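Here's the letter readout for the chains.
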Amino acid sequence: MPGERRNLRSTKDTSSSTNGEEPRSNSQSSSSNKDQPVPTTRATSSKGKTLPTKKASGKEGAEDKPHTNGTEPVENGINGTEDVDMVDDGSEKVKVGTNKEGEDEMTLVVPPPKSSKLSGEPNKDEEGDVAMENTNKSDNISSELDPRAKAVADVKANFALLERAVAQFDARFTLRVLRSISSIRKHLAPDLLAQVITETYTSTSSVAKTLLAALGKEDASFEGPDALSEMDIDTQTKDKPQTTSKSTTLPKDVLPEVDTYLSILVQIHLYDTKATEFGAKFSSNLVERLRSLNRRTLDALSSRVYYYYSLFFEQLAPLPPSPMASAVSIRPHLLAALRTSVLRKDQDTRATVTTLLLRNYLSTSHITQADLLISHSEFPAAASNNQIARYLYYLGRIRAIQLSYTEAHEHLVGATRKSPATPSAGGFYQAASKLLVVVELLMGDIPDRAIFRQPSLEHAMEPYLSLVQAVRVGKIEGFLNVVQTHNALFRRDGTYTLILRLRQNVIKTGIRMMSLSYAKISLRDICLKLDLESEQSAEYIVAKAIRDGVIEASIDHEHGFMKSKELGDVYATREPGEAFHDRIRACLGLHDESVKAMRYPMNQHRLELKNAQEARERERELAKDIVEGEMDDDDASGDFEGM
């Protein structure tokens, strides 16, 4: 073995140059060096220490043992992964340290014997199998996680958020709880809710009995924090006879916020299971209980209670638009809730109840009452974005029915912009877009085709695309065919009465197209193209279009024709400036709403004023002590805190 080392060192000395570089002519050695990993000499180069040389003769006994891949410590506290490298065939690379003359170290590749290779493979396989089994077990545990247990844990985690909302008087924690309902809603079941209720309340709680009765689980066994048993009381009285029973027997009370949150989950379960009558009765009792509570931390939760309260009654027979609908019976209760929310400055309930009243009035076509509600009440500016979108949609529908198309268009554009982008809000965005298209047609404009190319609107807006094409062409016959074909759909969307008003717009559009195509056209030809009854009716329609500013033309009554005027430059008029002004106003309004929506820590300014006042008081006390001679300037300089 020593002779073998001398041969290797001699070959290296002859192959290396004075600069320690290999000559380019030795192609075999360079190719072999490329295949082998370069040995790391960080310990020897950085610290200037030489590692002890490892002789193969002294390691023959160690070669029979399987290598543990750096799990055992080696000499000088250096990890085995730095000194010993593993190759694919199971051989070891033993690094030989530098000698005193500063020669470079060599790496000897010593193949392991067959015994060690055979003994090492089973261990490696066993370790690999164990590792694979562990990973499979962890994957199975994560994949087999019970969704019911996760839902129960999420519901109980929301209790802590509600407690923080009450303790810190911060509504953001309550909003987090309400946002988590969508994920919990998929796993709601009577057994799950009954488990949460029995683990939260005591057996003597009236709220728990009401909730279990709504779920049909009156016989559920309670596992919650009941009062201490007699045995616990006896042991405590023996150990501490001075303690009173009040400090040892009463459990912690459940917050009203937790009661309302669980009631909302019960409402959602009844609504999803189509238990309409029982849900309406349960919601009525819940609303009566909420009226007796005056807590600002309940505002967001009570607004959600009123929302499902209204939905239950809207589905009771007789259904709207019948004047005897069950939804009409809850209007006094909603008006009372609106009055109470205004007095208590409850912004969430006020916004929700306002939108519910407008929805209720529109369902039975009581447009006058809805208009009176809007004129005599003020919608809160601090309402949530979803409630603002609903309010703008109902307001746009009311204005469209009242022939105020410009205001309706403005409100509906705001509703579509504020509509949530989540898939669950796709129905609202479709309803607002449908009404917006009809209002634009009533205004005499043609909607942009990009509206109908949106993925969320492409299928739902197909009948309205046909309607727009019929209005754009200006053919009465095609327009009537589209209305007759999609009659049921337009009635279900609530846009049928508005679409019937488009007949005059179709005629105006046809007249506008003819005024652009012909410099002079007879009234008889207009009557034939527009399928009108007589030339006299065509003359009246053309005169009204000229008066409304739809076309720029004149009528020659003697010869019976319409003469179009030459169109001037559009940019010389005020129309581009007005459009630019509308866009600027929309951008400024969006900026103002974004600034208002920014959240700041509550009462932070009061804390700053308190700290400033305390600093001033300390300054006055120190100045008074200096004046009286009790303290010197040098003594006060260390502890003095100026403003």
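Just so it is clear, the model here is predicted, and its values are computed rather than measured.

**Q** Explanation requested: the packing of helix H7 (residues 147-168) against helix H10 (residues 190-200) in the structure shown.
**A** Helix-helix packing: each pair is described by the crossing angle between the helix axes and the interaxial distance. Close contact between H7 and H10 brings their axes to 10 Å; oriented N to C, the two are set at 45 degrees. When the interaxial angle is binned, H7 and H10 end up oblique. For the crossing formed where H7 meets H10, the hand is right-handed. Of H10, the residues touching H7 (which contributes Arg148, Ala151, Val152, Val155, Lys156 and Phe159) are Asp191, Leu192, Gln195, Val196, Glu199 and Thr200.

**Q** Can you help me understand the pairing of strand S5 (residues 553-556) in this one?
**A** On any regular strand, side chains alternate: one points to one face of the sheet, the next to the other face. Of the two faces of S5, the one holding Ala553 and Ile555 is buried and the one holding Ser554 and Asp556 is not buried anywhere. Judged from the four bridges that link them, S5 and strand S6 (residues 561-564) form a sheet pairing that is antiparallel. Across the sheet, residue serine 554 finds its bridge partner in S6, namely lysine 563.

**Q** How do you make sense of the sheet that holds S5 when you look at a structure like this?
**A** Through backbone hydrogen bonds, the strands of a sheet pair up, either in parallel or in antiparallel fashion. Across the sheet, three strands lie side by side as S4-S6-S5; this open sheet has antiparallel pairing. Only two strands of the sheet have a single neighbouring strand rather than two, namely strand S4 (520-522) and S5. Strand-to-strand, the axes of this sheet are offset by a mean angle of 20 degrees, without reference to chain direction. Contacts from helix H29 (residues 535-547) reach S5 and S6, with the element oriented near 150 degrees to S5.

**Q** Please explain unusual backbone geometry as it appears in this structure.
**A** Trans is the prevailing form of peptide bonds, just as negative phi is the prevailing case for residues other than glycine. The residue after alanine 317, namely proline 318, is reached through a cis peptide bond having omega -5 degrees. With respect to the helices and strands, the residue proline 318 is situated in the loop between helix H16 (299-314) and helix H17 (331-344). Geometrically, the link from proline 320 to proline 321 is a cis peptide bond, its omega value of 10 degrees lying close to zero. Position of proline 321 relative to the elements: it lies in the loop between H16 and H17. Despite not being glycine, leucine 403 has its phi angle at roughly 70 degrees, a positive value. For leucine 403, the location among the structural elements is in the loop between helix H20 (385-401) and helix H21 (405-418). Relative accessible area serves as the criterion here: at 54%, leucine 403 is assigned to the exposed category.

**Q** Even after reading the chapter, I still don't get the confidence of the model for the chain, so can you show me in this structure?
**A** Any residue range with low pLDDT should be treated as having predicted coordinates unsuitable for detailed reading. When pLDDT is averaged across the chain, the result is 75; 69% of the residues are at 70 or more. Confidence drops under pLDDT 50 across residues 1-96; counting only partners more than four residues distant or on other chains, this segment forms 105 contacts. Confidence over residues 638-643 falls short of pLDDT 50; this stretch has seven contacts with residues more than four positions distant or in other chains.

**Q** Just checking my understanding: could you explain helix H8 (residues 171-179) for this structure?
**A** Residue pairs three or four apart in sequence face the same way in an α-helix, which turns once every 3.6 residues. All of the buried residues along H8 are Phe173, Thr174, Val177 and Leu178. Here the buried residues of H8 occupy an arc of 145 degrees about the axis, which is enough to place them on one side.

**Q** Explain the packing of aromatic side chains to me, please; I cannot follow it from the model alone.
**A** The geometry of an aromatic ring pair comes down to the distance between the two centres and the angle between the two planes. This structure, assessed with the given rule, holds ten aromatic pairs. Relative to phenylalanine 428, the ring of tyrosine 393 has its centre 5.7 Å away and its plane inclined at 70 degrees; by these criteria the two rings are edge-to-face. One end of the pair, tyrosine 393, is in helix H20; the other, phenylalanine 428, is in helix H22 (residues 426-442), and 35 residues separate them in sequence. Classification of phenylalanine 428 by relative accessible area gives partly exposed; the value is 21%. Ring-pair connections join several aromatic residues into one group, and the members of that group are Tyr271, Tyr307, Tyr308 and Phe312. One residue, arginine 491, lies across the ring of tyrosine 496, its end atom 4.1 Å from the ring centre. Over the aromatic face of phenylalanine 561 sits the side chain of lysine 520, whose NZ or CZ is 4.7 Å from the ring centroid.

**Q** I tried to follow the packing of helix H14 (residues 256-272) against H16 on my own but got confused; where do I start?
**A** At a closest axis distance of 10 Å, the pairing of H14 and H16 adopts a crossing angle of 25 degrees. In terms of orientation, H14 lies roughly parallel with respect to H16. Read as a crossing pair, H14 and H16 show a hand that is left-handed. Two secondary-structure elements touch here, H14 through Glu257, Thr260, Ile264, Gln267, Ile268, Leu270 and Tyr271 and H16 through Leu301, Arg304, Val305, Tyr308, Tyr309, Leu311 and Phe312. Across the contact of H14 with H16, the residue classes break down as ten nonpolar, two polar and two charged.

**Q** Whenever I open this one, helix H18 (residues 347-363) confuses me. Can you help?
**A** In a regular helix each residue adds 1.5 Å, so 17 residues correspond to 24 Å; H18 covers 24 Å between its end C-alpha atoms and thus fits that length. The buried fraction of H18 amounts to 13 of the 17 residues, a majority that puts the element mostly inside the structure. One side-chain oxygen of the residue at the start of H18 lies 3.5 Å from the amide nitrogen of aspartate 348, identifying that residue as aspartate 346. In the stretch just after H18, serine 365 is the one whose phi turns positive, near 65 degrees.

**Q** Which parts of the structure should I look at to understand the environment of isoleucine 546?
**A** Mapped onto the elements, isoleucine 546 comes out in helix H29. The exposure class assigned to isoleucine 546 is partly exposed, which follows from its relative accessible area of 25%. When the C-alpha positions of isoleucine 546 and lysine 508 are compared, they lie 9.8 Å apart, and in sequence the two are 38 residues distant. Those residues in contact with isoleucine 546 that lie beyond four places of it in its chain are Ile551, Ala553, Ser554 and Ile555.

**Q** I'm lost on the nonpolar core in this one. Help?
**A** Soluble globular proteins: nonpolar side chains tend toward being buried together. Residues Tyr261, Leu262, Phe479, Ile499 and Ile526 are the most contacted members of the largest nonpolar core, which totals 124 residues. Residue contacts for leucine 262: discarding those within four places in its chain leaves Val155, Phe159, Val196, Ile197, Tyr201 and Leu211.

**Q** Would you mind going over the side chain of glutamate 314 with me for this structure?
**A** Structurally, glutamate 314 is set in helix H16. Among all residues touching glutamate 314, those that are not within four sequence positions of it are Leu319, Pro320, Ala327 and Arg359.

Analysis parameters
- Residues numbered from 1 in each chain as written.
- Predicted model: local features only at pLDDT ≥ 70, side-chain atom pairs only at ≥ 80, totals over all residues.
- Heavy atoms only, no water.
- Axes fitted to C-alpha atoms, helices over the stretch in contact; angles between N-to-C directions.
- Helix = DSSP H or I, 4+ residues; strand = E, 2+ residues; numbered from the N terminus.
- Parallel < 35°, antiparallel > 145°, perpendicular 65-115°, else oblique.
- Left-handed = near helix turned anticlockwise from the far one by under 90°.
- Contact = heavy atoms within 4.5 Å.
- Buried < 20%, exposed > 50% of the residue type's maximum accessible area, 1.4 Å probe, protein only.
- Pairing = 2+ DSSP bridges.
- pLDDT = per-residue confidence, 0-100.
- Arc of directions from axis to C-beta.
- Phe/Tyr/Trp six-rings, centres within 6.5 Å; stacked < 30°, edge-to-face > 60°.
- Lys NZ or Arg CZ within 6 Å of the ring centre and 35° of its normal.
- Nonpolar A, V, L, I, M, F, W, Y, C, P; charged D, E, K, R; others polar.
- Expected span 1.5 Å × (residues − 1).
- Polar contact = N/O pair within 3.5 Å; in protein donor to acceptor, adjacent residues only side chain to side chain.
- Core = buried A, V, L, I, M, F, W, Y, C linked by side-chain atoms within 4.5 Å.

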